[in-house]
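Chain by chain, the residues run as shown.
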Amino acid sequence: MEKKNIEWSELGFAYIQTDMRYVSYYKNGSWDAGALTEDATITINECACVLQYAQTVFEGLKAYTTEDGRIVTFRPDLNAERLGSSAARLEMPIFPKAQFIDAVDQVVRANAAYVPPYGSGATLYLRPYMFGSNSVIGVKPADEYQFRLFATPVGPYFKGGAKPITLRVSDLDRAAPHGTGNIKAGLNYAMSLHTLMDAHRNGYDENMFLDPATHTKVEETGGANFLFVTKDNKIVTPKSDSILPSITRRSLVYVAKEYLGLEVEERPVLFEEVKDFVECGLCGTAAVISPVGKIVDHDKEICFPSGMEKMGDTIQKLYDTLTGIQMGRIEAPEGWIHEIRL
Ligand SMILES: *Cc1c(COP(=O)(O)O)cnc(C)c1O
């Protein structure tokens, strides 16, 4: 298979249309068999439930080339399960796990020429999503849905090294108490756009959101979970019902315990405690871990001892171990690496 003529290492994180995408339709209570299509355009009624009442959920994962030349995805079964919990919360039908994994395989296979080579730092980003497609004007869930999955090649997250970023504590919330913060739904992102742009306009990279009920506990950013390192080298990660359960964070917790022998605490984390941590990172599929150098809370600043030049040592070890597992340089736990045979 001939690869596309793309400058892999120059790619950013932007949509590039690839050859094939997958679509399955839900009607009269069941999903059809699903198929690949060349058509990247969707035609739906002006009154579709997704357009009026935001009935849509999504996932994000990557396909990439390992050191020994296999094309793989990382724990796609967990994406299938999480899409199911997101869908259930918005009264949408569950897309079957086996069909989800088959859709991932088909889309990657059909776009194999877009899977970046090992060592380029680039990956093929996969975006599965579902939405209510028939017209609904009185408030209720749709009866018809589409599950779709497209692929787009994305560049290395850190060009020229992982520089720590600066966060600010947001006054606005991304989630409500007992709301939808723990599902992967576009509506949570719509909520966060204004405070994200305001953060950017004020020179910050991202927002730190605190718990919506009391604004005393750390939740997450708009699209990544927190990991902290204590002075005595323990990993601490916030636990809350309004945090999205990141697959990267869950994998890093396992790596910390089982590969690096570190102690891990998953518990509510007071914002008050943050100044006592020595390293901070954000975890998500896109970057695996982005180091945080500074957090600004109005007129107060927290500067982590790991500084603004590089990742702290422990976060670097976690990053190297998980990316080593993903790329096939370190033996993976059973079931983590899903190979796609061409
Ligand atoms: C997707 C997402 C994450 C990261 O999850 P991963 O499974 O690690 O990619 C974290 N927070 C939010 C709000 C998200 O939408």
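Bear in mind the structure is a predicted one, so any value in this text is a computation, not a measurement.

Colleague: Lay out helix H3 (residues 97-110) in plain terms, naming residues and giving numbers.
Modeller: Two residues of an α-helix separated by three or four positions point the same way, owing to the 3.6 residues in each turn. With 14 residues, H3 should cover 20 Å at 1.5 Å per step; its first-to-last C-alpha distance of 20 Å lies within 8% of that length. For H3, the complete set of buried residues consists of Gln 99, Phe 100, Ile 101, Ala 103, Val 104, Asp 105, Val 107 and Val 108.

Colleague: Quick one: what's the story with the site of the ligand, residue by residue and with numbers?
Modeller: Not every one of the 15 residues close to the ligand is listed here, only the nearest: Lys 184, Tyr 189, Ser 246, Thr 248 and Thr 285. A distance of 2.6 Å separates an oxygen atom of the ligand from a polar atom in the side chain of Ser 246. Between the ligand and Ile 247, the relevant distance is 2.9 Å, taken from an oxygen atom to a main-chain nitrogen or oxygen of the residue. Within the complex, the protein chains bury 96% of what would otherwise be the 390 Å² of accessible surface of the ligand. Most atoms of the ligand, that is more than half of them, are within 2 Å of grid points of the largest pocket. Class assignment of the residues belonging to the shell around the ligand gives a composition of four nonpolar, seven polar and four charged.

Colleague: Now, about the pairing of strand S5 (residues 61-65): what can you tell me, with residues and values included?
Modeller: Of all five residues making up S5, five are buried, and the element is well covered by its neighbours. Judged by which residues are buried, S5 turns out to be covered on both faces: Leu 61, Ala 63 and Thr 65 on one side and Lys 62 and Tyr 64 on the other are all buried. Alignment of S5 against strand S7 (residues 123-132), held across three bridges, turns out to be antiparallel. Each bridged residue has a counterpart across the sheet, and for Lys 62 the counterpart in S7 is Tyr 125.

Colleague: Account for the layout of surface pockets, naming residues and giving values.
Modeller: By volume, the largest pocket amounts to about 1,200 Å³. Lining the largest pocket are 45 residues, with Tyr 157, Tyr 189, Glu 206, Gly 223 and Ala 286 positioned closest to its centre. Among the elements of the structure, helix H2 (76-89), S7, strand S8 (145-154), helix H4 (186-201), strand S10 (206-208), helix H5 (247-259), strand S14 (279-284) and strand S15 (288-297) are those that each provide at least two residues to the lining of the largest pocket. Here the lining of the largest pocket gets four residues from one element, more than from any other, and that element is H4. Residues of the lining of the largest pocket, tallied by class, amount to 23 nonpolar, 14 polar and eight charged.

Colleague: Requested: an account of the domain arrangement of the chain, with residues and values cited.
Modeller: Split into domains, the chain comes out as domain 1 (8-154) and domain 2 (165-326). Across the boundary between the two partners, domain 1 contributes 20 residues, which contact 19 residues of domain 2. Buried area between domain 1 and domain 2, summed over both chains or domains, comes out near 1,600 Å², and the portion from carbon and sulfur atoms is 64%. If you sort the residues of domain 1 by the area they bury against domain 2, Phe 58, Phe 74 and Arg 82 come out on top, with a joint share of 38%. In this structure, the connection of domain 1 to domain 2 is made through zero salt bridges. Our enumeration of links across domain 1 and domain 2 arrives at eight residue pairs in polar contact (both at pLDDT 80 or more). Put simply, the parts of the chain that give the side of domain 1 that touches domain 2 at least two residues each are strand S4 (56-58), S5, strand S6 (71-74) and H2. When residues in the side of domain 1 that touches domain 2 are grouped by element, the largest group, six residues, is from H2. Here the residues of the side of domain 1 that touches domain 2 sort into nine nonpolar, six polar and five charged.

Colleague: Tell me about the pattern of salt bridges, residues and numbers included.
Modeller: Note that side chains of opposite charge can pair when their charged atoms are close. Per the stated rule, a full pass over the model turns up 18 salt bridges. Note that Glu 220 and Arg 174 form a salt bridge whose closest N and O atoms lie 3.0 Å from each other. Taken as a pair, Glu 220 in the loop between S10 and strand S11 (225-229) and Arg 174 in the loop between strand S9 (165-169) and H4 lie far apart in primary sequence, 46 residues in all. With respect to class, Glu 220 is no different from Arg 174; both count as buried. Salt-bridge contacts for Arg 267 lead to Glu 265; the nearest nitrogen and oxygen are separated by 2.7 Å. Exposure remark for Glu 265: the relative accessible area of 25% places this residue in the partly exposed category. A network of salt bridges, in which partner residues are shared, links Lys 234, Glu 263, Glu 265, Arg 267 and Glu 273.

Colleague: Pulling in residues and values, what's your account of the side chain of Ser 120?
Modeller: Among the structural elements, Ser 120 can be located in the loop between H3 and S7. By relative accessible area, which is 15% here, Ser 120 ends up buried. Side-chain polar atoms of Ser 120 contact the backbone oxygen of Pro 117, separated by 2.8 Å. Excluding anything up to four places from it in sequence, Ser 120 contacts Trp 8, Ser 9 and Pro 156.

Colleague: Explain the environment of Leu 322 to me, using residue names and the numbers behind them.
Modeller: Residue placement: Leu 322 occurs in helix H6 (residues 313-326). When the C-alpha atoms of Leu 322 and Val 255 are compared, they prove to be 6.9 Å apart, with 67 residues separating the residues in sequence. Among all residues touching Leu 322, those that are not within four sequence positions of it are Phe 74, Thr 248, Ser 251, Leu 252, Val 255, Val 288 and Trp 336.

Colleague: Any chance you could break down the nonpolar core for me, citing the residues and the numbers?
Modeller: Soluble globular proteins tend to bury their nonpolar side chains together. In terms of nonpolar packing, the biggest core is built from 35 residues, with Leu 126, Met 130 and Phe 147 touching the most fellow members. Counting residues per element, the ones that place at least two in this core are strand S1 (21-27), S5, H2, H3, S7 and S8. Sorting elements by how many residues they give to this core places H3 first, with six residues. Aside from chain neighbours lying at most four places away, what touches Leu 126 is Glu 59, Gly 60, Leu 61, Lys 62, Ala 63, Thr 73, Val 104, Val 107, Val 108, Leu 149, Phe 150 and Ala 151.

Basis of the calculations
Residues numbered from 1 in each chain as written. Predicted model: local features only at pLDDT ≥ 70, side-chain atom pairs only at ≥ 80, totals over all residues. Heavy atoms only, no water. Helix = DSSP H or I, 4+ residues; strand = E, 2+ residues; numbered from the N terminus. Expected span 1.5 Å × (residues − 1). Buried < 20%, exposed > 50% of the residue type's maximum accessible area, 1.4 Å probe, protein only. Near = heavy atom within 4 Å. Polar contact = N/O pair within 3.5 Å; in protein donor to acceptor, adjacent residues only side chain to side chain. Areas by Shrake-Rupley, 256 points an atom, 1.4 Å probe, with all protein chains shown as cover. 1 Å grid on protein atoms, 1.4 Å probe; cavity = no way out; pocket = protein on both sides within 12 Å on 5 of 7 lines; lining within 4 Å. Sits in = over half its atoms within 2 Å of the grid points. Nonpolar A, V, L, I, M, F, W, Y, C, P; charged D, E, K, R; others polar. Pairing = 2+ DSSP bridges. Points joined across faces, edges and corners; volume = space filled by probe spheres on them. Domains from an automatic or database assignment. Contact = heavy atoms within 4.5 Å. Buried area = accessible area lost by both parts, 1.4 Å probe. Salt bridge = Lys/Arg side-chain N within 4 Å of Asp/Glu carboxyl O. Core = buried A, V, L, I, M, F, W, Y, C linked by side-chain atoms within 4.5 Å.

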